[in-house]
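Observations on chain architecture
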Amino acid sequence: MIEWNPWERSFCVGTDPYITARTFNRVTSLKGGKGVDAYEIDGNGDNERIIIEDCIYGFCHGCLTCGSESLHNKNVIIRRIKVGSGYNFLWLKMRPDTYQHYEYITAEDIEGEVNNFVNINPWTQFFDLKGREMPAPSKADHVTVRNCKVKCLTAFSIREKEDEYSLSDFTFENIELDAKNKGNSDFAKRMNSSNVKV
């Protein structure tokens, strides 16, 4: 299911395999459900094998956003992107009331200007446990970012919160960031960095 968002010039991908967005001017939000009972609701589910490439963005809130209404995003590639201005390039919204897993995400050949190059923080809008216990901590892992030249206010706007989510196996290669603030650049277990200039 693809849903157009006219207010942010974006499209939302929900519970879809095999999508390619090419030469596009709309940013991407990966959806699929939210809440402690999200896995029990028909129609919720995974996003897998998504490719976004050769796109030029103007202003946006997030070039690639996982969440906040998202359960499992796997094998996602965003490449050859130019962004004129935006709040976030890669934005992982981590809901404490939802078990989420974002994995095998690759971003490469990115240039432009954003506020936050990578943003990973708790997202508590509409938080509701519905009388249930907190779900197991969410995960984001096997994320690769390479060949990027970006101007930003904060390179890594990332909050570690191990009781709500874990971050592991992040790789950054050939990154040049003109940033006013470096932020938290050592946030993940098994962090690999090569030729990263901030």
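A brief report on the enclosed structure follows.

A few words now on the packing of aromatic side chains. Going through the model one piece at a time under the given rule, you end up with eight aromatic pairs. Note on W91 and W123: the rings are 5.7 Å apart at their centroids and 80 degrees apart in plane angle, and the pair reads as edge-to-face. Taken as a pair, W91 in strand β8 (residues 88–94) and W123 in the loop between β9 (101–122) and β10 (138–158) lie far apart in primary sequence, 32 residues in all. The exposure class assigned to W123 is partly exposed, which follows from its relative accessible area of 22%. Put simply, the rings of F156, F170, F172 and F187 pair up and form one aromatic cluster. Positioned above the aromatic ring of W91 is the side chain of K93, whose terminal nitrogen or guanidinium carbon lies 4.2 Å from the ring centre. A cation over a ring is seen here: K93 above W123, with NZ or CZ 4.0 Å from the ring centre.

On to the nonpolar core, then. Counting 44 residues, the largest nonpolar core has F117, I120, F170 and F187 as its most contacted members. Mapped by element, the contributors of at least two residues to this core are β4 (27–31), β5 (46–57), β6 (62–66), β7 (72–83), β8, β9, β10 and β11 (165–183). I120 has contacts with L92, M94, S157, I158, R159, Y165, L167, F170 and F187, leaving out every residue within four places of it along the chain.

What counts, and at which threshold
Residues numbered from 1 in each chain as written. Predicted model: local features only at pLDDT ≥ 70, side-chain atom pairs only at ≥ 80, totals over all residues. Heavy atoms only, no water. Phe/Tyr/Trp six-rings, centres within 6.5 Å; stacked < 30°, edge-to-face > 60°. Helix = DSSP H or I, 4+ residues; strand = E, 2+ residues; numbered from the N terminus. Buried < 20%, exposed > 50% of the residue type's maximum accessible area, 1.4 Å probe, protein only. Lys NZ or Arg CZ within 6 Å of the ring centre and 35° of its normal. Core = buried A, V, L, I, M, F, W, Y, C linked by side-chain atoms within 4.5 Å. Contact = heavy atoms within 4.5 Å.

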